[in-house]
Amino acid sequence: MVNALRTLVICWLLPAALTAQVRAVASFDRSTLEAGDTAVLRVQVFGVRAAPQRVQMAAWMPTVPADNLRYRSAWRRSGEAWVQTITLTLLDTGRLLLPPLPVLLQVGEPVLTNALEITVSPPRVPADISAMAPIRDIRRQPVAWYDYWPALLAAALAVGMVVWWLLRRRRLAPPPPPAPPPPPTLSAREVALGQLEALAREKPWMVRERLGEYYASLSWVVREYLQAQYAFDALEMTTADIGRHLKTTPMPAEAQQEALHLLQQADWAKFAEVYPKADQHEGWLEVARRVCDAGAT
């Protein structure tokens, strides 16, 4: 009974004794330094056979950001302790009180180091500025696309809104009015009679100086009509050539004769300045109307 009780007490006290033997000790290689200099943190873990996993630095992040951790050595055995050194840069000045750091073990709960204290003084400024040491450059991180994802997302949303607005405006816009119908195509007769009507309103034969212009206009209207109505190049032919060509067309013979007389009279007025009597000028306009009417029937 006594042996059993002794064994039970030993088994109950043994884990506590083993746990009490595991401890972690942290220390700096120096107690004071200038801002921007590097310090070496030495972490020793006693009472474990296997190398610890790692020292968690999250508790120091406000003072020592991850970018300021320059080097972390592997765990090595030194006597009864496992040792790891961590090189870091301190930029905050003053008396820094750093909390304990948890050390993750291979087996069991993490063990905490002791708290640390270190004094960081501002860099000394020499009287001669040229004697100052060059400023250390910052550690630059490579640029990644995800660093700009908020701006890219905002730009994509803005483009999407503009496209949506344009499409919606296009759907809501009233349809364009239908194109006006093309003007009706006038026949050769209608064109010629319209030109002759304009001459009748203008009455150029009333002014002697315009008689040549008047007969040239009559000749042009009739030639243009014959060219459009019977498909031959009347504007480039002589009056005799037009007479020979008209014989091959269905134009009535009387209308052919009137057309030739009109064109001959226009030639005399144009080339010889020989004009009919004053009371006959308007009559030639009526001859031109009869030619155009007869040829269109």
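For every chain, the first residue of the written sequence is number 1, and numbering continues from 1 along that sequence. With the structure being a predicted model, the display of local features is reserved for residues of pLDDT at least 70 and the display and counting of side-chain atom pairs for 80 or more, all residues being used for whole-chain, interface and lining totals. Each side-chain value is worked out from all heavy atoms of the structure, with water and hydrogens disregarded.

1. A closer look at the sheet that holds strand E11 (residues 116-121)
1) Next: Pairing between strands is defined by DSSP: at least two bridges between them are needed. For helices the rule is a DSSP run of H or I covering at least 4 residues; for strands it is a run of E covering at least 2, with both sets numbered from the N terminus onward. Strand order in the open sheet formed by three strands is E2-E11-E8, and the pairing between neighbours is mixed. The open sheet terminates on both sides in strands that have one partner only, identified here as strand E2 (32-34) and strand E8 (94-98). On average, each strand axis in the sheet is inclined to that of its neighbour by 30 degrees, with strand direction left out of account.
2) Next: Summarising the sheet, E2 and E11 pair through three bridges and their orientation is parallel. In the sheet register, Thr 32 faces E11, and the bridge partner there is Thr 119. Angles run from 0 to 180 degrees between N-to-C directions of axes, and those axes are lines fitted to C-alpha atoms, restricted for helices to the stretch in contact.

2. Here we look at unusual backbone geometry
1) Next: In the Ramachandran plot, Ala 231 falls in the positive-phi region, its phi being about 60 degrees despite a non-glycine side chain.
2) Next: Relative to the elements of secondary structure, Ala 231 occurs in the loop between helix H4 (211-230) and helix H5 (239-246).
3) Next: Of note in this structure, Glu 273 is not a glycine but carries a positive phi near 55 degrees.
4) Next: Here Glu 273 shows up in the loop between helix H6 (253-272) and helix H7 (281-296).

3. With respect to the packing of aromatic side chains
1) Next: The aromatic pairing rule takes the rings of Phe, Tyr and Trp, using the six-membered ring of Trp, and pairs them if the centres are within 6.5 Å, calling planes under 30 degrees apart stacked, those over 60 edge-to-face and the rest tilted. For the structure shown, the criterion picks out four aromatic pairs.
2) Next: Arranged with centres 6.5 Å apart and planes meeting at 25 degrees, the rings of Tyr 215 and Tyr 275 form a pair that is stacked. In this pair, Tyr 215 is assigned in helix H4 and Tyr 275 in the loop between H6 and H7, connecting sequence segments 60 residues apart.
3) Next: Under the relative-accessibility criterion, Tyr 275 is labelled partly exposed at 24%. Relative accessibility decides the category of a residue: with a 1.4 Å probe and only protein chains considered, values under 20% of the type maximum give buried, values over 50% give exposed, and everything between is partly exposed.

4. Notes on the environment of Gln 195
1) Next: With respect to the element layout, Gln 195 can be found in helix H3 (residues 188-202).
2) Next: Since its relative accessible area comes to 29%, Gln 195 is described here as partly exposed.
3) Next: Along the sequence, Gln 195 and Leu 218 sit 23 residues apart, while their C-alpha atoms lie 9.2 Å from each other.
4) Next: By definition in these notes, contact holds between two residues if any of their heavy atoms fall within 4.5 Å. Sequence-distant contacts of Gln 195, that is, excluding residues within four places in its chain, are made with Val 221 and Glu 224.

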